[in-house]
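Listed here are the chains, written in short residue letters.
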Amino acid sequence: MWISTAARPRYVHITHSSFSFSLIPEPLRTTLKLASPSSTYELHNDNTNQYRAMYWLYYDMKKYDNYTDAERIQLWALGTFYYDTLGHQWHNKENWMTDKKGVTVCDWYGLTCDADGMVIEMNLADNRVRRDLPYEFTLLSKLRYLRLSENSLRTLPTLLFEMPELDVIDFDANGIKEIPHIPKRNRVRELYLAQNRIYEIPSSIGELQKLEVLWLWKNDLSGTLPSEIGQLANLGK
């Protein structure tokens, strides 16, 4: 059997006496795997949120055929984030997961875009965002400002410090217990981690060479500060 993906069907379903499944076109799956090789298994497993977001993107987004690959990758990353953080239970999810007439991703609650329609800011403070950020979040490669304070996120992931444009991270009041290992290549200027449960500062804090603001009040810190914090020449300027 051959199916063309040039003109997308709204829904394709195959049934057989021994199986039943919906088709995802391989060109889309390949595009997403090239963008995020570590998601390969999830993109072939229909029990994952990565697969669910791919399915949503292809079948539910009305303007799918008009999107560029970059826009499809961004939508998939946002869809995976939405599903992984229980977006259906957020306090405000206005316009999320839709491209109905007159609505673009730039109209989704909490998002701000640049002139090319790429997300550069996300502000979902106090919005019941829960669990953990998925690895695919790193595909929001133009993101500069991230505010997820006053939510119920369980960890501050290393992946945030690997994002090429991200320079403001606000995870105040989430119940986070640890600051992860921080990689050398990062551009974070402001890091807000107040009102969490952090008990120590890692020596890798010294890798935040561009850091100007660090909020750590109302945590569970004890012991001595790592000497590497003295390497943060821009802190407090």
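Residues numbered from 1 in each chain as written. Predicted model: local features only at pLDDT ≥ 70, side-chain atom pairs only at ≥ 80, totals over all residues. Heavy atoms only, no water.

*Asks:* I keep staring at the overall build of the protein chain and nothing clicks. Help me out?
*Replies:* Counting secondary structure elements, the protein chain contains 4 helices and 10 strands. Along the protein chain, helices and strands appear, N-terminal first, in the series β-β-α-α-α-α-β-β-β-β-β-β-β-β. If you line up the protein chain on its principal axes, its C-alpha atoms span 65 × 40 × 30 Å. The burial tally for the protein chain puts 49% of its 237 residues in the buried class. Once local pairs closer than 6 in sequence are excluded, the contacts in the protein chain between residues at least 24 apart make up 42%. When the accessible area of the protein chain is evaluated, it comes to approximately 12,300 Å², of which 48% is carbon and sulfur surface. The averaged location of the 30 negative side-chain charges in the protein chain is 4 Å from the averaged location of its 27 positive side-chain charges. (Helix = DSSP H or I, 4+ residues; strand = E, 2+ residues; numbered from the N terminus. Buried < 20%, exposed > 50% of the residue type's maximum accessible area, 1.4 Å probe, protein only. Contact = heavy atoms within 4.5 Å. Areas by Shrake-Rupley, 256 points an atom, 1.4 Å probe, with all protein chains shown as cover. Lys, Arg positive; Asp, Glu negative; His and termini not counted. Charge placed at Lys NZ, Arg CZ, Asp CG, Glu CD.)

*Asks:* Please explain the nonpolar core as it appears in this structure.
*Replies:* Within soluble globular proteins, side chains that are nonpolar tend to cluster in buried spots. Counting residues in hydrophobic clusters, the biggest one holds 64 residues, and the most contacted among them are Trp 96, Trp 108, Met 122, Phe 137, Leu 160 and Phe 171. If you list the elements that add at least two residues to this core, you get α1 (26–35), α3 (49–60), α4 (69–84), β3 (111–113) and β4 (119–123). Ranked by residue count, the leading element in this core is α4, at 8 residues. The residues touching Met 122, leaving out its near neighbours within four places in the chain, are Leu 78, Phe 81, Trp 96, Gly 110, Leu 111, Phe 137, Leu 140, Leu 143, Tyr 145, Leu 146, Arg 147 and Leu 148. (Core = buried A, V, L, I, M, F, W, Y, C linked by side-chain atoms within 4.5 Å.)

*Asks:* What should I look at first to understand the sheet that holds β4 in this one?
*Replies:* Within a beta sheet, neighbouring strands are joined by backbone hydrogen bonds and run either parallel or antiparallel to one another. Read across the open sheet, the 6 strands follow the order β3-β4-β6-β8-β9-β10; overall the sheet is mixed. Unpaired on one side and paired on the other, β3 and β10 (213–215) mark the two borders of the sheet. Strand-to-strand, the axes of this sheet are offset by a mean angle of 10°, without reference to chain direction. Alignment of β4 against strand β6 (residues 145–147), held across 3 bridges, turns out to be parallel. Its bridge partner being in β6, Asn 123 is matched across the sheet by Arg 147. (Pairing = 2+ DSSP bridges. Axes fitted to C-alpha atoms, helices over the stretch in contact; angles between N-to-C directions.)

*Asks:* It is not clear to me how the pairing of β4 should be interpreted in this structure. Could you clarify?
*Replies:* Residues in a regular strand project their side chains so that they alternate between the two faces of the sheet. Note that β3 and β4 share 3 bridges and pair antiparallel. Along β4, the bridge assignment pairs Leu 111 with Met 122. In textbook terms, the turn of a hairpin is the stretch between consecutive antiparallel strands, and for β3 and β4 this stretch comprises 5 residues, one of which, Gly 117, has a positive phi near 80°.

*Asks:* I tried to follow the confidence of the model for the protein chain on my own but got confused; where do I start?
*Replies:* Do not read the fine detail of predicted coordinates wherever pLDDT is low. The pLDDT averaged across the protein chain works out to 91; a share of 90% of its residues lies at or above 70. Within the model, the stretch residues 1–7 combines pLDDT values under 50 with 5 contacts to residues more than four positions away or in other chains. Note on residues 9–21: pLDDT under 50 across the span, and 22 contacts to partners over four residues away in sequence or across chains. (pLDDT = per-residue confidence, 0-100.)

*Asks:* Looking at this model, I keep getting lost on the state of the cysteines. Mind explaining?
*Replies:* A covalent bond between the sulfur atoms of two cysteines is what we call a disulfide. Tallying each qualifying case throughout the model produces 1 disulfide. Across a sulfur-sulfur distance of 2.4 Å, Cys 106 and Cys 113 are joined as a disulfide pair. Disulfide Cys 106-Cys 113: torsion about the S-S bond near -110°, hence left-handed. Judged by relative accessible area, which is 29%, Cys 106 ranks as partly exposed. Taking the relative accessible area as the measure of exposure, Cys 113 reaches 17% and is therefore buried. (Disulfide = S-S within 2.5 Å.)

*Asks:* Looking at this structure, I do not really get the environment of Tyr 41. What am I missing?
*Replies:* Mapped onto the secondary structure, Tyr 41 falls in helix α2 (residues 40–43). According to the relative accessible area criterion, Tyr 41 is exposed, its value standing at 57%. C-alpha of Tyr 41 to C-alpha of Leu 166: the two residues are 125 residues apart in sequence and 27 Å apart in space. A distance of 2.8 Å separates a polar atom in the side chain of Tyr 41 from a polar atom in the side chain of Asn 45. (Polar contact = N/O pair within 3.5 Å; in protein donor to acceptor, adjacent residues only side chain to side chain.)

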